[in-house]
Amino acid sequence: MRPRSMTGFGRGEASVDGRTWVAEIRTVNHRFLDQRVILPRPFALFEEAVKKKVTAALDRGRVDITCSLQGAASIEPQLTINEPVARQYRHCLQLLVERFDIEGPVTLRDMLTLRDVISLEEQRPDMDAEWLLLAAALDAALKECDLMREKEGQTLRQELLGRLTKFEAIVRRIDGAIPEIQQQRQDELKARIGKLLEGVDLDPIRFAQETAIMADKSDVTEEIARLDSHIAQFHAFLVSVEPVGRRLDFLLQEFLREVNTLSSKIANAAIAHLGVEMKNEVEKLREQVQNIE
């Protein structure tokens, strides 16, 4: 598995005996895995099982899961007629009419007012069978969502590689310019000191020591080396088989730390401009990384 996006959609269906479970999954970026499950009321107890399946498939993202059951008349409450009771009621009503000389026949309205002639019965679905059907629909939706996230992840990967290439090119420009910049700073320092101490003998050894100290303070060899290491690690993460979004985000913080240190060490207008460019690329990288699982 290569880096996946946290944006995706999947839909799955599973049918048997005229009943169809439909599962839809929508995912967007989020720092953690945040799930919201919508189920038909009789099947609310499936929520934890649904979340467990999603957790096994996804590492991060805000996930909306909607599950619906179609063609499910058999599980809706059913009205039933108790015919034996209805017959007894009718017989009793007719006897009352005859014995008490009541006018009018026994009507349907009379029957409907009597208890237990018509009753409402809650149907009990086979939960094990329904879960197997829902699980199959959910698996199909997760598979489709995963394919979309992987496809989007490849697009993000190409974008990140392009940005990383630009960033690395700036690092190489700075690295190549360092010797010339240091020599230029030494020449400028020597000229300034010569002007200040005009007519005064200057110990060449002491001058060499001072310039060496200044050169050491502006040496960014370590920062360049660490940036090279971070860039190599970034490349490795982009081909990792594990979710790497959080690691990439942390690594970019280290990128920014080294860029800031490097810029502060070299008081040079050209390098300062390149430092701004590097920070800009780091921010663009972070924007893309926010959507990687």
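Check the entry above for the structure.
Before going into details, it helps to say that this report is about the structure given with it. Being a predicted model, the structure only gives us computed values, none of them experimental.

About the criteria used
- Residues numbered from 1 in each chain as written.
- Predicted model: local features only at pLDDT ≥ 70, side-chain atom pairs only at ≥ 80, totals over all residues.
- Heavy atoms only, no water.
- Helix = DSSP H or I, 4+ residues; strand = E, 2+ residues; numbered from the N terminus.
- Buried < 20%, exposed > 50% of the residue type's maximum accessible area, 1.4 Å probe, protein only.
- Patch = residues over 30% accessible without salt bridge, like charges linked within 9 Å, V, L, I, M, F, W, Y side chains within 5 Å.
- Areas by Shrake-Rupley, 256 points an atom, 1.4 Å probe, with all protein chains shown as cover.
- Salt bridge = Lys/Arg side-chain N within 4 Å of Asp/Glu carboxyl O.
- Core = buried A, V, L, I, M, F, W, Y, C linked by side-chain atoms within 4.5 Å.
- Contact = heavy atoms within 4.5 Å.

**Topic: unusual backbone geometry**
Keep in mind that most residues, glycine aside, have a negative phi and that most peptide bonds are trans.
Then, number 1: Phi at Asp17 takes a positive value of approximately 50°, unusual for a residue other than glycine.
Then, number 2: On the secondary structure map, Asp17 appears in the loop between strand E1 (8-16) and strand E2 (19-28).
Then, number 3: The exposure class of Asp17 is exposed, given its relative accessible area of 72%.

**Observations regarding a nonpolar patch on the surface**
Then, number 1: Taken together, the side chains of Leu79, Ile81, Leu108, Leu112 and Ile118 make up a nonpolar region of the molecular surface, amounting to roughly 560 Å² of accessible area.
Then, number 2: Where the nonpolar patch is concerned, the elements lending two or more residues are strand E5 (78-81) and helix H3 (108-112).
Then, number 3: Structurally, Leu79 can be placed in strand E5.

**Details of the pattern of salt bridges**
Where charged atoms from two side chains of opposite charge approach closely, those side chains can pair.
Then, number 1: Enumeration over the complete set of coordinates arrives at 23 salt bridges.
Then, number 2: Measuring nitrogen to oxygen at the nearest pair gives 3.2 Å for the salt bridge that ties Arg163 to Glu159. With Arg163 and Glu159 both in helix H4 (residues 127-196), this residue pair falls four residues apart, about one helical turn.
Then, number 3: Here Asp249 and Arg286 are joined by a salt bridge, their closest N and O atoms 3.8 Å apart. Residue Asp249 is found in helix H7 (residues 245-265), and its partner Arg286 is found in helix H8 (residues 269-289); the two are separated by 37 residues along the sequence.
Then, number 4: Put simply, Arg4, Asp146, Arg149 and Glu293 are held in one network by salt bridges that share partners.

**Brief notes about the nonpolar core**
Then, number 1: Of all hydrophobic cores here, the largest spans 32 residues; its most connected members are Phe167, Ile174, Phe234, Leu248, Phe255, Leu262 and Met278.
Then, number 2: Elements that contribute at least two residues to this core include exactly H4, helix H6 (221-237), H7 and H8.
Then, number 3: With 10 residues, H4 is the single largest residue contributor to this core.
Then, number 4: Sequence-distant contacts of Ile174, that is, excluding residues within four places in its chain, are made with Ile224, Leu262, Ile271, Leu274 and Met278.
Then, number 5: Core analysis: the second largest hydrophobic core is formed by 22 residues, Val63, Leu69, Leu133 and Leu138 among them.

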